[in-house]
Structure formats: structure tokens, C-alpha cells
Amino acid sequence: MYVVPRSKRHCAQMRLNGAADDRATDITAKAAEPVRIFEYTSAANPEMTEVPVAALEPSTHEAGETRVIPFDLSKQLRVSYPATSPNLMASFLRINPNDTLPTKACATSQAFFVIRGSGSSATEFGTMRWGEGDLFVLPSTAEEVVHTAGETDAALYWITDEPLLRYLGVAPSEQRFSPAHYSKERLLGEVERVSHEEGAEHRNRMGILLGSDVTEQEGTKTLTHTLWSLLNVLPAGDAQRPHRHNSVALDLCVNAVPGKVYTLMGKELDEDGWVKNPIRCDWTTGGVFVTPPGWWHSHHNDSDEPAWVLPMQDAGLYTHQRTLDIRFSPPLKKEKEQEEKTVVA
């Protein structure tokens, strides 16, 4: 575990000491000015702007200059800082061959998934080498992360929890986990392993949750203390039944046949346990879409090839708070009867 240097903590203490001269000032009357009081039943569930269903297409990172491409929904969310969801900010990084791109975030957690290309990222912890399909995470860092592409252009999916910190008006004071690198080979190997486990065909999702030694010890088994990620495979010709959760999902399509793979999402289920009056979001390789909190969503693959999706969520925080409330649609009647027959046999 990394700890913020003493010099940075000392700066915060100096700011507190500098305010000591104001302690004798009576602010009682002035402190009454910002007070607002609301009747409970009309204000307990205030009207807020909803997290929108939105997408950022892969065409945004497939050509052009080296740059950060933000998935900024701050206007829809009515916040004064860049945000894709209330707690998370997602962006694409496009890096031309042999070029560099610095990034910086005031965040407790940063995650990077390599959409294409290869290269390295120089950090205050050392240099992380990466290739297509790799994922790596970094704890809070006061310095820039400098990304360098190899002989071909590179595109990365970048997620941080900076909006959460901006909302709270805070900055990280401690690094709660170590940098971690999840190689494509290891990820695919683990998916292959769990897909052959007994009963795998009846699972609501076919994939692996990404965690760390720290989150395993602390019980959440999430990517970081705020971030949660699943590498999910949708087999050819399959449909994964709906589920819902209180976290927002920022879903990256890793690979899919165009026009043949999609997610259906909505607020209710019909009598058969499928999404009622759904909105359809097509999977486009290298693109990302938003699944709002609390919405039921099912995945459908009408192609002859498996499809892959990597959702990034703020569910690390929800899991710690015991408020994720993930729920699964009941299996179809014929599936349930088959499961019961299997148990009896």
C-alpha cells in the first residue's frame, strides 16, 4: 500500500493553521443564511436529472490527432465538472504511432483498458507495458501518467472516479491499493475456466469479476474501492436474462458482430421476466454506452460468433456500502423445470 508523502499532509495542516486567526470571529448570524428546511414527504425523494442512456462511438478514436476524447455528460447531469455518471468519468485515449499523451486526474482510482495497439505508461510507480486486451489500474497519483504508443496507433478506455471527488470537494490523502496489471491472456484463460464449470450454462452472466489482493482482504472483491469491472462473454446465439443494480454501468463493447449484438434496457419486466418496452443499445466494437442505475438490462447475440463486453461501474463503492442491491430476473419456466429435473436426477 502506498501512503501520501508527509510533505503533502503537512501542506493541509498549514492551511488549517492559517485559519486559526479567524476563530474569534462570531459567525452565528452569517451561518444562518445558507440554511434551507424542507417538508419531509415532499423532499425525501427529490427530483433529480436521470442518468441518460447515451453512447460514445468508436469512430471518435479511430482517426485524428493524439488526444483525450471525453465522454462528458455533465450538461445532462447538471454538474459543473466533467462527468459521465455522477461518480465516474470515462474517456477514450487516441495515441498516434510513436507518440505520447499525458493524462492526469484527481482520483482515488484510474482504470485503463487497451482497445487496440501496444505501448507503455510511465507513472510515479514505474512503467506499465500494455497490449491489446490488457487492463491496468492505478491508485491516486499527484503526477501525470505519460502514455506512449508503439509502431501502430493505440486506443485506450480510461475511467476515473474524479467526479465523485469533485462532488465532495476532496482530494485523495492516501493510496489504498497498488498498481495492478491484468493481461489479456490471463483474463481469457479465467473466462475459459469458469465457462466449463458445472452449471455455467444456467448463470445470468458468463464472465469474471476483476479484483485485487486489497479488495479481497477487505471483502468487496472489486477492481478498486470505487471501481467494479466484469469481463463478460455472450456466446453465439445466446440471450442473457435481465438483471439490475443500483450502480451505473459504463459498458465497453470489446468485440461484437455489427448489427447482431445488443442490450435491451428499461425500468420494468414483463410477465415472462424480459425487459418491458425496452430501449435497444447496439454493441459496436470499441464503443461505450451507459446503462442507468436501477434499470433492468439483458444482452442478446444474434450472430454466429461470441461477443465480449467490459462494464465499468461505481459498484466498488456500493458494495462497500451494502447498497448494490443486484437482482436477477427469474429463469424461464422451461429452464426452471430443466434445472429441477437435473437436481432430481
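This report concerns the structure included in the present document. Counting restarts for each chain: residues are numbered from 1 in the order of the written sequence. Given that the model is predicted, a residue must reach a pLDDT of at least 70 before its local features are reported, and side-chain atom pairs must reach 80 or more before they are shown or counted; all residues, however, enter totals for whole chains, interfaces and linings. With hydrogens and water stripped out, all remaining heavy atoms of the structure feed into the side-chain values.

Attention shifts here to the overall build of the protein chain. We count a stretch as a helix when DSSP gives it H or I for four or more residues in a row; a strand needs E for two or more, and each element gets its number in order from the N terminus. If you tally the helices and strands in the protein chain, you get eight helices and 21 strands. Note on classification: 1.4 Å probe, protein chains only; a residue is buried when its accessible area is under 20% of the maximum for its type, exposed when over 50%, partly exposed between these limits. The buried share among the 345 residues of the protein chain stands at 44%. Just so you have it, the protein chain exposes about 18900 Å², and 51% of that area is on carbon and sulfur atoms. The method behind every accessible area is Shrake-Rupley, applied with a 1.4 Å probe, and residues are considered shielded solely by the protein chains displayed.

The next subject is the sheet that holds strand β17 (residues 279-282). When DSSP finds at least two bridges between two strands, those strands are taken to pair. Taken in spatial order, the five strands line up as β17-β16-β19-β14-β21 in an open sheet, and their pairing is antiparallel. Here the strands that pair on one side only, and so sit at the sheet edges, are β17 and β21 (327-328). With four bridges joining them, strand β16 (residues 261-266) and β17 adopt antiparallel strand pairing. Its bridge partner being in β17, M265 is matched across the sheet by I279.

Once that is clear, we can look at the sheet that holds strand β11 (residues 180-182). Pairing is antiparallel across the open sheet formed by six strands, whose spatial order is β2-β3-β10-β5-β8-β11. The open sheet has two edge strands with one neighbour each: β2 (67-70) and β11. The average undirected angle you get between the axes of adjacent strands in this sheet is 20°. Relative to strand β8 (residues 135-139), strand β5 (residues 109-116) runs antiparallel, the two being bridged by five bridges. Bridge assignment links F112 to a residue of β8, and that residue is F136. All axes are obtained by fitting lines to C-alpha atoms, using only the stretch in contact for helices, and the reported angles, taken between N-to-C directions, cover 0 to 180 degrees.

Following the sequence through the fold, T263 ends up in strand β16. Contacts of T263, omitting those with residues within four sequence positions, involve I279, R280, C281, W283, F289, H297, S298 and H299. Two residues qualify as a contact provided that any one of their heavy atoms is within 4.5 Å of a heavy atom in the partner residue.

What we call a nonpolar core is a set of buried Ala, Val, Leu, Ile, Met, Phe, Trp, Tyr and Cys residues that are connected through their side-chain atoms within 4.5 Å. Of all hydrophobic cores here, the largest spans 42 residues; its most connected members are L135, Y157 and L223. With near-sequence residues (within four places) excluded, Y157 lies in contact with A90, S91, F92, A111, F112, F113, I115, L250, D251, L252, V288 and M312. Counting residues in each nonpolar core, the second largest holds 16 residues, with L93, I95, L156 and W158 among its members.

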